[in-house]
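# Results of the structural survey
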Amino acid sequence: MALSNRVSTQELIGAVVVVVGIILLLDTTGVAETGSLLNYVPSLFVLLGLYALVTSGFRNLFGPLLVIVLAGAWQIAALDLVPEADLASFWPALIVLFGISLLLGRMRTKAEEVSEQSVDGIAVFGGRNQRVTSSRFTGADLTALFGGYELDLRDAEVADRPARISAIAMFGGVDIIVPRGWNVRLDVLPIFGGVEDERPRREEDHEEIDLILTGFVAFGGISVND
């Protein structure tokens, strides 16, 4: 999905975090009573799960559905619509979701092929695997929350170097596979996590930068491989 004609996943998540932070700040500083608004915070996670489900093309089901179910139950409990004891009796539905995810995962063994110039994706409580085939690749926004994201660029070509990737990994990992000869510059902030270019060094490496990788990782990892 192109980044140029719509709000990226990272921008959307950032806006949600800002809104929640403002609501909390108004409440803690006594400027306004926002306790009633906080009761609807779980709905934001439901929307996040739906967004992840749609943007993955319904290929990654278990993670987003897990977020939707748990956040939906949290929202129902927060509004006192159903007693918590009654909600707890539906926990076997999570096992059903997991089984369905395994069955569909066996049916989808190939990586998702992407031909767009730019990639915008999120992996939530699950994995996502994409292979870029564009001859004019410009960059990507990748977000992994309690999951893993793999982006294969070995079949991609960069028309205007350098391409730029912004990656966020929180309690998860992002693995970027690049062509063997690419020169990659890492500018990622690690917070209780790791960032590493795992490729062996070669004498024929060129000075021109093919890819700039930015972002941050918290309690997870971001790696570059070939």
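Residues numbered from 1 in each chain as written. Predicted model: local features only at pLDDT ≥ 70, side-chain atom pairs only at ≥ 80, totals over all residues. Heavy atoms only, no water.

## Observations concerning the sheet that holds strand β4 (residues 139-145)
As summarised here, the arrangement of the five strands in space is β2-β4-β6-β10-β8, forming an open sheet in which the pairing is parallel. The sheet terminates laterally at β2 (118-124) and β8 (184-191), the two strands that pair on one side only. Between one strand axis and the next, the sheet turns by 5 degrees as a mean value, whatever way the strands run. Where strand β6 (residues 163-170) meets strand β10 (residues 211-218), eight bridges bridge the pair, whose relative direction is parallel. (Pairing = 2+ DSSP bridges. Helix = DSSP H or I, 4+ residues; strand = E, 2+ residues; numbered from the N terminus. Axes fitted to C-alpha atoms, helices over the stretch in contact; angles between N-to-C directions.)

## A look at the nonpolar core
Of all hydrophobic cores here, the largest spans 28 residues; its most connected members are Phe-137, Leu-153 and Ile-165. Of all elements in the fold, only β2, β4, β5 (148-152), β6, β7 (173-177), β8, β10 and β11 (221-225) reach the threshold of two or more residues within this core. Broken down by element, the residue count for this core peaks at four residues, all from β6. Sequence-distant contacts of Phe-137, defined by excluding residues within four places in its chain, comprise Gln-117, Val-119, Val-132, Leu-153, Ala-156, Glu-157, Val-158, Ala-159, Ala-163 and Ile-165. By size, the runner-up hydrophobic cluster in this structure holds six residues, among which are Ala-52, Val-67, Ile-122 and Val-124. (Core = buried A, V, L, I, M, F, W, Y, C linked by side-chain atoms within 4.5 Å. Buried < 20%, exposed > 50% of the residue type's maximum accessible area, 1.4 Å probe, protein only. Contact = heavy atoms within 4.5 Å.)

## So, the environment of Tyr-40
Checked against the element boundaries, Tyr-40 lands in the loop between α2 (35-38) and α3 (41-55). Residue class for Tyr-40 comes out partly exposed when judged on its relative accessible area of 46%. Separated by 34 residues in sequence, Tyr-40 and Trp-74 have C-alpha atoms that sit 9.5 Å apart. Contact partners of Tyr-40, with chain neighbours within four places excluded, come to Gln-75 and Leu-79.

## Quick word on a nonpolar patch on the surface
On the surface, Phe-125, Phe-146, Met-170, Phe-171, Leu-189, Ile-191, Phe-192 and Phe-219 cluster together into a nonpolar patch covering about 810 Å² of accessible area. For Phe-171, the position within the fold is in the loop between β6 and β7. Owing to a relative accessible area of 41%, Phe-171 belongs among the partly exposed residues under this scheme. (Patch = residues over 30% accessible without salt bridge, like charges linked within 9 Å, V, L, I, M, F, W, Y side chains within 5 Å. Areas by Shrake-Rupley, 256 points an atom, 1.4 Å probe, with all protein chains shown as cover. Salt bridge = Lys/Arg side-chain N within 4 Å of Asp/Glu carboxyl O.)

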